[in-house]
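Coordinate inspection notes
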Amino acid sequence: MSDYGPVQVRCPVLNVRRVDAYYAITVVAPGIAERFRSGQFVSVAVGGDHSSTLLRRPFAIHDVKPDYGGTVEFLFAVRGTGTAWLAERRSRDLLDVVGPLGRPFPLPRDPVNCVLVGGGSGSAPLFPLAQSLRRRGCRVDFVLGGASADRVFSAITARRIAETAVFTTDDGSFGTRGRVTDVLGRVIEECRSDVVYTCGPMPMLRAVTAVAGTHGIPVQVSVEETMACGTGICMTCVIPVVGEDGITRMVRSCVDGPVFRGEQVRFDDVGTIPFDALGAPGWKGAGSSRPAESARDIA
Amino acid sequence: MSDYGPVQVRCPVLNVRRVDAYYAITVVAPGIAERFRSGQFVSVAVGGDHSSTLLRRPFAIHDVKPDYGGTVEFLFAVRGTGTAWLAERRSRDLLDVVGPLGRPFPLPRDPVNCVLVGGGSGSAPLFPLAQSLRRRGCRVDFVLGGASADRVFSAITARRIAETAVFTTDDGSFGTRGRVTDVLGRVIEECRSDVVYTCGPMPMLRAVTAVAGTHGIPVQVSVEETMACGTGICMTCVIPVVGEDGITRMVRSCVDGPVFRGEQVRFDDVGTIPFDALGAPGWKGAGSSRPAESARDIA
Amino acid sequence: MNTDLRVRLGALELPNPVVTAAGCAGSGRELAQFFDIADIGAVTTKSVMLEPHAGRPAPRMAETPSGMLSTTGMQGPGVDVFLQRDLPWLLARGGRAIVSVAGSGTAEFGELARRISAEPGVGAIEVNLSCPDPADPDGRRFADDAARAAAVVSTVRSHARSDLPVLAKLAADVPDVVALAVACAEARADGLSMINTVRGMAVDPRTLRPAVAGGIGGLSGPAIRPLAVGCVYRVHEALPEVPIIGMGGVRTGGDVVEFMAAGASAVAVGTVNFSDPSACVRVLREFTEALEAKGVRRAGDLVGAAHRPGVGV
Amino acid sequence: MNTDLRVRLGALELPNPVVTAAGCAGSGRELAQFFDIADIGAVTTKSVMLEPHAGRPAPRMAETPSGMLSTTGMQGPGVDVFLQRDLPWLLARGGRAIVSVAGSGTAEFGELARRISAEPGVGAIEVNLSCPDPADPDGRRFADDAARAAAVVSTVRSHARSDLPVLAKLAADVPDVVALAVACAEARADGLSMINTVRGMAVDPRTLRPAVAGGIGGLSGPAIRPLAVGCVYRVHEALPEVPIIGMGGVRTGGDVVEFMAAGASAVAVGTVNFSDPSACVRVLREFTEALEAKGVRRAGDLVGAAHRPGVGV
Ligand SMILES: Cc1cc2nc3c(=O)[nH]c(=O)nc-3n(C[C@H](O)[C@H](O)[C@H](O)COP(=O)(O)OP(=O)(O)OC[C@H]3O[C@@H](n4cnc5c(N)ncnc54)[C@H](O)[C@@H]3O)c2cc1C
Ligand SMILES: Cc1cc2nc3c(=O)[nH]c(=O)nc-3n(C[C@H](O)[C@H](O)[C@H](O)COP(=O)(O)OP(=O)(O)OC[C@H]3O[C@@H](n4cnc5c(N)ncnc54)[C@H](O)[C@@H]3O)c2cc1C
Ligand SMILES: Cc1cc2nc3c(=O)[nH]c(=O)nc-3n(C[C@H](O)[C@H](O)[C@H](O)COP(=O)(O)O)c2cc1C
Ligand SMILES: Cc1cc2nc3c(=O)[nH]c(=O)nc-3n(C[C@H](O)[C@H](O)[C@H](O)COP(=O)(O)O)c2cc1C
Ligand code: FES
Ligand code: FES
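Here is a short report on the structure shown in this document.

What counts and what doesn't
Residues numbered from 1 in each chain as written. Chains lettered and ligands numbered in written order. Predicted model: local features only at pLDDT ≥ 70, side-chain atom pairs only at ≥ 80, totals over all residues. Heavy atoms only, no water. Helix = DSSP H or I, 4+ residues; strand = E, 2+ residues; numbered from the N terminus. Rg over C-alpha atoms; globule rule 2.2 N^0.38 Å. Buried < 20%, exposed > 50% of the residue type's maximum accessible area, 1.4 Å probe, protein only. Contact = heavy atoms within 4.5 Å. Areas by Shrake-Rupley, 256 points an atom, 1.4 Å probe, with all protein chains shown as cover. Patch = residues over 30% accessible without salt bridge, like charges linked within 9 Å, V, L, I, M, F, W, Y side chains within 5 Å. Salt bridge = Lys/Arg side-chain N within 4 Å of Asp/Glu carboxyl O. Lys, Arg positive; Asp, Glu negative; His and termini not counted. Charge placed at Lys NZ, Arg CZ, Asp CG, Glu CD. Near = heavy atom within 4 Å. Polar contact = N/O pair within 3.5 Å; in protein donor to acceptor, adjacent residues only side chain to side chain. Nonpolar A, V, L, I, M, F, W, Y, C, P; charged D, E, K, R; others polar. Buried area = accessible area lost by both parts, 1.4 Å probe. Phe/Tyr/Trp six-rings, centres within 6.5 Å; stacked < 30°, edge-to-face > 60°. Lys NZ or Arg CZ within 6 Å of the ring centre and 35° of its normal.

**Some points on the overall build of chain C**
Tallying secondary structure elements over chain C gives eight helices and 14 strands in all. Relative to a compact globule of 313 residues, whose C-alpha radius of gyration would be 20 Å, chain C shows 18 Å and is just as compact. Each principal axis of the C-alpha atoms in chain C carries an extent, and together these give about 55 × 50 × 40 Å. The proportion of buried residues among the 313 residues of chain C is 66%. In chain C, 69% of the contacts between residues at least 6 apart in sequence involve partners at least 24 apart. Of the roughly 9,700 Å² of accessible surface on chain C, a fraction of 50% belongs to carbon and sulfur atoms.

**With respect to a negative patch on the surface**
All names here are of chain A. Residues Asp20, Asp150, Asp170 and Asp171 make up a contiguous surface patch of negative charge. If you trace the backbone, Asp170 turns up in the loop between strand E9 (164-169) and strand E10 (176-177). Relative accessible area serves as the criterion here: at 44%, Asp170 is assigned to the partly exposed category.

**A word on the site of ligand 1**
As a matter of local geometry, ligand 1 sits amid 21 residues, with Pro58, Leu75, Arg79, Gly82 and Thr83 of chain A nearest to it. Ligand 1 sits at the junction of chains A and D, each of which supplies nearby residues. Interatomic distance of 2.8 Å between a side-chain N/O atom of Arg57 of chain A and an oxygen atom of ligand 1. Separating an oxygen atom of ligand 1 from a backbone N or O atom of Gly80 of chain A is a distance of 2.7 Å. When contributions to the shell around ligand 1 are tallied by element, the ones reaching two or more residues are strand E4 (57-65), strand E5 (71-76) and helix H2 (81-87) of chain A. Among the elements that line the shell around ligand 1, the one with the most residues is E4 of chain A, at four residues. Looking at the shell around ligand 1, its residues break down into ten nonpolar, six polar and five charged.

**Describing the interface of chain A and chain B**
Listed as interface residues are five residues of chain A and, on the opposing side, five residues of chain B. Around 420 Å² of area is buried between chain A and chain B when both sides are counted, 57% of it from carbon and sulfur atoms. Per-residue buried area on chain A facing chain B is highest for His50, Ser52 and Thr81 of chain A; these three make up 85% of the total on that side. Our count for the chain A to chain B interface comes out at zero salt bridges. Summed over the shared surface of chain A and chain B, the number is two residue pairs in polar contact (both at pLDDT 80 or more). Across the side of chain A that touches chain B, the residue classes break down as no nonpolar, five polar and no charged.

**Thoughts on the packing of aromatic side chains**
To describe a pair of aromatic rings, one takes the distance between the centres and the angle between the planes. Overall, the coordinates contain 20 aromatic pairs over all chains when judged by the stated rule. Considering the side-chain rings of Phe59 of chain B and Phe74 of chain B, the 5.1 Å spacing of their centres and the 20° angle between planes classify their relative orientation as stacked. Of this pair, Phe59 of chain B sits in strand E4 (residues 57-65) while Phe74 of chain B sits in strand E5 (residues 71-76), placing them 15 residues apart in sequence. When sorted by exposure, Phe59 of chain B lands in the same class as Phe74 of chain B, which is buried. Connected via pairs of aromatic rings, a cluster forms that spans Tyr22, Phe127, Phe142 and Phe153 of chain A. Just above the ring of Trp85 of chain B sits the side chain of Arg89 of chain B; from NZ or CZ to the centre is 3.7 Å. A cation sits over an aromatic face here: Arg151 of chain B above Tyr22 of chain B, 6.0 Å from the ring centre.

On their own, these measurements won't tell you what the molecule is for.
Okay, structure coming up:
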């Protein structure tokens, strides 16, 4: 958990680069850089002061550097209006950025073997994670996937920082044709992985969690739910997560996540209120022995 | 009346200049330039494709040049969100511009003496008018006013193209302290003016019309009503105008104006529906002898 | 791919679903400077009254976030000028005309229907139920009382030529829009148009005065689109057989898809004509491209798609 | 100049008129990372229910032009956790608390009022009348029926400590907001909060599915500001003595001026907290600057100014 709360800064754009199918924006934001822990994200206001697109866009932090007092880089694919607008930013433009937000990836105490599994832009937060793990003496292996070669993120960097790096594409244009989960089992075995870290679309997280389960190793997943606030006040980003006490709660993926233990996310029930979730229709609290309300209380 | 209708063009900004308290933007818009007659205006979309400021902003055309196939210049003071956004445009940005819009200033057939009276940014359309009048052999005199020196528009140009140019400011920081109407009577007499052309805020137009009336000469006024469309379809820009037939109609200042004969504008009733206006509450059309409906029909 | 863009509103077939909203396109003449008026589905004309009307005092409009407030108060030349000058112009250019009528009482609605039915070439009559009802002691609109609204619709229906579709134009800010729609359908409306502007207000923070004369104005533009889509969805759910013209803040071809999926058979562009005079043809182009990208071969297949989970379009 | 920013809501005096809207600021803890929660007028807490509630399924939100649709469905920990954990946190930091309550029936509203009245330090109770009324066969909200709404208000009033102001939170999309306001005032509400979100819908043009689960969501943000200002204006006209908290799309200090001129005594920031977590203090700063620029010495002088032509502020 980060020691400091997030900050809101109007920060200058240092540069905007194209990287394959993605754009990378670096902003000067010392306050965010100094607080950052890998797995956290920023949320960025888009469209200017009189924009009709009211909501911030969340992006994982991909890199933090000490230059200019502290810079923060995030990467994105153009998807809709907000990302199209961001792609048009130029150096010296100002961006209104809030961060760092969310629970970071928990780091192992001991120098264990870690496999990092990313899909598309979801690979972004795994790079600073890889660095942190390496600094702790962990072995890092990468499995990165994407729809096509230009959507597999930073293959070269992955090869450089990891012990091994395996790539998959849906169309076979790069690496193995198929999905990350087609190769993950083999990687876990060959690299004797002790833990999986993963970020990408929900179906991938679920499949990765299943593979980790088969191999009996823990998995940390970082989810991408739509978020209106990113700061924990709107309750729009909830997913069903089972607590240590066995009780399912609808928890906010922005502040209680985006990183969760994969086994605790009820992937099959995302998009529903499971009947046995705390406070679900028909649910009955057991009077004074009512379970604690938030995943936080029991953390 | 212009021979061609308006066009809508996405046109590149050639340059943005500061001129005293104003900004001048020149865009490359051959289609507008070739159709332009002095007194007409453009309407400009502001804030980009996803702006929450939906409506176009109308600006008088200040200058048209043959460069790059045809350029159009307009001038503006920063007033609210739209003009603030425009002031931040840079060369090569694209602006969505519709024009030329509105009825131009009618030009005299003969080489008569014309006095052009402008207030603040309302002086803008008088400059191309002065050029047209000069080309027809008319004498042109200027009376330009503003709140302060930096709001008196293009004094140097006025001096250059006009026979005489008199300036007034509310605070006395430039020219005569006072209002344009304080000096207009004297100018009309000294220059033996045959006609007045004027553009500026409604109270000024009304006062100028009164002075012209006293001197028994016609006056053409160009009004600045708020406009939602500028093309004649929304009916939000209406003012009460008396037709040649003596009947008052609520006419659209965007297409039936912005230029009107001053004597025909019911300045005292702007912001009301005069009880005797065609179709006013209680008004009764005289069956088959019902008066024609639009100022256009009788023009 | 050759996408079939035709849609039906009862007896009226339109070549494509993009029409103009009443009062947001005059009778087509001004917009015809920017595109060929025959290219769009239809022009819904500004609501015409029996007599000339001067409308409301200025200021008549104020900009609001992603919308505008307006109070034009039915200014117009009256039905005589409309039939002599505006309608023939539109029909001569190959445009399809949906003629909107506004009566200052139920009888006047009937008279307007009779007059307009007498003109060959009209495509449909749209009944503007947001006019103030002179018989209502509180000055409410016909739309505020489903029974009064239904009475207007049935008067128009009985005075209109029987082959001419009659569309009832509904407001969203009424006690129950579904009940209003049902009442109009029972009064034999052939279709429904929705939504009209929603009452709202702005105060100018500089002057501290209401920004439009009279205080309350009608809110329109993209800001109200979710209200409009909600009405279309709920009414289509209740009356799946009744064709709907959806409108309220349409700005792009994607918005047409949205309204049609919610249940509209045609979609009107209103306020956005003010900000983009070529909006109708741009929206139609974007809509056509969206259908092609989705592989939808008939525009009509989209109608109500959001009500059918997992529909394959 | 030393502007007096204090405003009153019945017995409750606030240091300034800027408060948070219920459900748009949690109970202050998260926003306190961005500013000192004691600096704003008050925090209106998320509507609390008696029992924990899991809320509605995802997707719970969609962006719309200048607004958003949401359906969180009252997710919350229940009143026990609220009173043990959230309220003490807020009061310990010097924040003023307006506690919003949501009952799943009239009796539960009473019980909540009793529980909350027992806590010292609460500033006011706000009654969320947009909860579905379990006794209504059509699943309508209390706010849809003025009599049922008034019954809730009077139950809360009789269970609440007598010195604690009770505010009735109204919806705009009801048959008659003025009638609803009058009914609540007659049921001895000390003040009114308006407006709640307005029902609307969006369909995702990519998937053709409703953008939020369940289809209909609540529209909020600047898009609805004209509806909110209109309600405040009309209700203040009818009930000039009843204090109002105005809300709906407040984004800037100028918007606070607008709501107060329309008749609000305090103004809540809702959705804009999501897009700008320091919005409350920014809005307060802009508001203070606007008063100074106008030469208004007491914020309270603005209240209802738009109703008084030529008022000299
Ligand atoms: C914690 C987190 C981290 C993320 N990190 C990255 C990243 O590093 N790189 C990257 O390319 N993308 C990332 N995303 C997804 C990114 O936020 C969306 O691509 C972006 O919001 C799309 O905005 P838009 O305006 O272009 O799309 P639009 O479709 O116009 O957006 C409309 C609304 O939907 C939301 N939305 C749309 N797509 C998504 C999505 N996939 N996930 C969440 N919200 C969405 C938007 O935020 C906005 O509120 C992340 C999302 C989350 C929640
Ligand atoms: C025919 C015509 C010609 C004009 N020519 C010029 C010119 O050459 N130079 C110049 O500086 N200004 C001119 N104006 C005024 C100019 O249109 C406004 O200053 C501008 O619209 C303000 O926009 P804003 O977004 O900055 O202000 P905001 O106050 O944010 O605008 C809000 C709304 O009010 C309208 N509005 C605000 N002020 C005015 C105004 N004075 N007149 C009309 N609409 C207004 C805007 O168009 C917009 O719809 C002209 C107006 C008209 C009608
Ligand atoms: C300036 C203006 C004038 C309008 N005039 C009429 C009218 O005469 N008759 C009518 O039925 N609707 C009228 N409307 C409502 C529109 O037809 C449409 O229903 C509404 O504006 C919502 O669509 P939009 O958001 O696309 O504008 C008018 C709307 C505006 C903004
Ligand atoms: C996500 C969200 C949750 C809300 N929760 C509540 C609530 O619990 N109780 C309530 O009375 N209003 C609730 N509201 C309504 C707001 O308090 C406010 O009335 C409305 O959103 C209009 O203000 P805004 O446009 O500034 O958001 C909620 C609004 C949103 C957007
Ligand atoms: S995005 Fe608002 S609570 Fe998570
Ligand atoms: S501005 Fe629309 S008719 Fe004149």
